[in-house]
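Structural features, examined
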Amino acid sequence: MANRRKLAAAAEFDRILDVQSWILRRLGCDVFDLNYRFSPATWVIVFLASFYMVISAYDLYRFRNDVFNFAFSLVTLSYGVIGCTRIVLFLRNSRTYAQIVVEARRTYEQVSNEREQEVQERYTRMLKRCVTFYSISFIGGCIMGGFFPLAVYWWTGLKVLPFGVILPFTDPDTIEGYQLNYLYQVSCIVWTPPGLTATQNVYFALVFNLCIQYDVLKLKLEDLDKLIRDGAEYDTIREKLVEIINWQRHLVDFIAEIDRNFTVQTFVEISSVAMQMVIVLFVLHIDVWLPGYMVIFVASFQLFVLCILGAMIEIKSDIFTEQIYGIAWHRMRTPEQKMVQFMLAKAQYTMQLTYGGMLPLNMNLFVTIYKKTYSVFMMLQNM
């Protein structure tokens, strides 16, 4: 029965990742597969992303004297920067990302009792709900954005576009120019949101995997404390201590590996989101700009998601450190007490997910960015 539950949790985790891999495979970017190789689809995606960036950069020049369209183009360009950063990082280090996912899968093979299996099942269910909610919200919002111009045209007769990228040498005010730009923007919605969502969902899977490992460590510490209080043999206690220290070392290394490979991406995304909010606030100060409110909402949501994931790991780390203090270490022999001291010192300097390797990724960062964004907005307002 226990082995069946273990296999069920691992199978559910694999199904979640398989869906993301299937999406990325269609786009030629299944970098989380150890057997990944460049394909024609990969070159198509690289070309489309590059073409998008060229158009967005051209639009900045084209609308240099139009505040609203310039701001919309700048916001559009920032999303392109986020997407291109992911493509470059993932394609450049595909082997490393695939190995990280393999390491996450191994967590499901290392549980030793029913309590640890319950931890796996709980976080796997949470991961599934998180992935489902994020996918529906992000992709659903993009689809609604694609149909929104049709609703506006049907209701008011005005021709609007989903976002701010305009093809060169076209006039969106003409029928032909509007149709051409609308079709291009809708085509971007077909391939961009699925790729961004799939890669974000894999990041969710890795963070939830860290939570599993922290909670398993917590259970092992509880077992150690029980052994000490029950007067178990010193060899048994020492064996349990060695097991916990090995788990802790693996966890610290895994966090460091994830942070090392995702910190540049996190830096670019959070910086781009902050820039979007400053731009939109500045434009809204001039006049009402309806797309700006949507940009603020989406940017805030993305910033919150990234910061809450980092906060989860920080909280788990703090709880683990407190629990080390709570075990009956004073009833152990001196050699085992030194092992506990080593474990405690390691826990106090546990690696965290960071913003560009500079600041911890947590809710303090979320609040700080909002404060700094408002400060920049006030500075621009007074210029």
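It should be noted that the structure appears before, not after, this text.
Only a predicted model underlies this, so the values are computations on that prediction, with no experimental measurement involved.

Moving on: the environment of Asn246. The topology assignment puts Asn246 in helix α7 (residues 234–286). The class for Asn246 is partly exposed, based on a relative accessible area of 35%. For the pair Asn246 and Met343, spaced 97 residues apart in sequence, the C-alpha to C-alpha distance is 9.8 Å. Engagement of the side chain of Asn246 in a polar contact is seen with the side chain of Arg249, the distance being 2.8 Å.

Attention now moves to the side chain of Ser272. When you line up the elements, Ser272 lands in helix α7. Take Ser272: its relative accessible area is 8%, and that puts it in the buried class. Those residues in contact with Ser272, other than ones at most four positions away along the chain, are Ser78, Val81 and Ile82.

Quick look at helix α2 (residues 40–62) now. Across its 23 residues, α2 extends 33 Å between first and last C-alpha, which sits within 8% of the 33 Å expected from 1.5 Å per residue. Thr42, Ile45, Ala49, Tyr52, Ile55, Ser56, Asp59 and Leu60 are the residues of α2 that are buried. For α2, the secondary structure elements touched by its buried residues are α3 (67–92) and α6 (175–229).

With that settled, the discussion passes to the side chain of Asp225. Along the chain, Asp225 turns up in helix α6. With relative accessibility at 16%, the residue Asp225 sits in the buried group. One polar contact links the side chain of Asp225 to the main-chain amide nitrogen of Ala328, over a distance of 2.8 Å. Apart from residues no more than four positions distant in its own chain, Asp225 is found in contact with Gly326, Ile327 and Ala328.

You can see Lys220 is positioned in helix α6. Lys220 gets classed as buried once you look at its relative accessible area, which sits at 0%. Through-space distance from the C-alpha of Lys220 to that of Phe90 is 35 Å; in sequence the pair is 130 residues apart. With residues near it in sequence (within four places) discarded, Lys220 still touches Ser112, Glu116, Lys240, Glu243, Ile244 and Trp247.

The next thing to look at is unusual backbone geometry. Positive phi is not limited to glycine here, since Phe169 has a value of about 60 degrees. Tracing the backbone through its elements, the reader meets Phe169 in the loop between α5 (114–156) and α6.

With that settled, consider the pattern of salt bridges. One pass over the full model with this rule turns up 19 salt bridges. Arg15 serves as the salt-bridge partner of Glu12, at 2.6 Å between the closest nitrogen and oxygen. Here Arg15 and Glu12 lie together in helix α1 (residues 2–26), a separation of three residues that amounts to about one turn. Residue classification places Glu12 among the buried residues on the basis of a relative accessible area of 17%. Across the salt bridge formed by Asp215 and Lys316, the nearest N and O atoms sit 2.9 Å from each other. Highlighted residues: Asp215 in helix α6 and Lys316 in helix α8 (residues 290–326), separated in sequence by 101 residues. Residue Asp215 is classed as buried on the basis of its relative accessible area of 10%.

Going through the model one piece at a time under the given rule, you end up with 21 aromatic pairs. Aromatic side chains Phe38 and Trp43 sit 5.4 Å apart centroid to centroid with 55 degrees between the ring planes, which places their arrangement in the tilted category. The exposure class of Trp43 is exposed, given its relative accessible area of 54%. Ring geometry for Tyr134 against Phe301: centres 6.2 Å apart, planes inclined by 15 degrees, an arrangement best described as stacked.

Moving on, we come to the packing of α3 against α6. Each pair of packed helices gets described by two things: the angle between the helix axes and the distance between those axes. The contact between α3 and α6 brings their axes to 11 Å, and the two run at 60 degrees. Taken together, the axes of α3 and α6 are oblique relative to one another. In the packing of α3 onto α6, the handedness of the crossing is left-handed. For the pair formed by α3 and α6, the contact residues are Gly83, Arg86 and Phe90 on the first element and Leu196, Thr199 and Gln200 on the second. Of the residues assigned to the contact of α3 with α6, the class counts are two nonpolar, three polar and one charged.

Attention now goes to the nonpolar core. Formed by 95 residues in total, the largest nonpolar core has its most connected members in Tyr203 and Ile258. Ranked by residues supplied to this core, first place goes to α6 with 23 residues. When neighbours within four sequence positions are excluded, Ile258 is seen to be in contact with Ile100, Tyr203, Leu206, Leu210 and Leu353. Formed by six residues, the second largest nonpolar core is a distinct cluster that contains Ala71, Leu74, Leu77 and Val283.

Basis of the calculations
- Residues numbered from 1 in each chain as written.
- Predicted model: local features only at pLDDT ≥ 70, side-chain atom pairs only at ≥ 80, totals over all residues.
- Heavy atoms only, no water.
- Helix = DSSP H or I, 4+ residues; strand = E, 2+ residues; numbered from the N terminus.
- Buried < 20%, exposed > 50% of the residue type's maximum accessible area, 1.4 Å probe, protein only.
- Polar contact = N/O pair within 3.5 Å; in protein donor to acceptor, adjacent residues only side chain to side chain.
- Contact = heavy atoms within 4.5 Å.
- Expected span 1.5 Å × (residues − 1).
- Salt bridge = Lys/Arg side-chain N within 4 Å of Asp/Glu carboxyl O.
- Phe/Tyr/Trp six-rings, centres within 6.5 Å; stacked < 30°, edge-to-face > 60°.
- Axes fitted to C-alpha atoms, helices over the stretch in contact; angles between N-to-C directions.
- Parallel < 35°, antiparallel > 145°, perpendicular 65-115°, else oblique.
- Left-handed = near helix turned anticlockwise from the far one by under 90°.
- Nonpolar A, V, L, I, M, F, W, Y, C, P; charged D, E, K, R; others polar.
- Core = buried A, V, L, I, M, F, W, Y, C linked by side-chain atoms within 4.5 Å.

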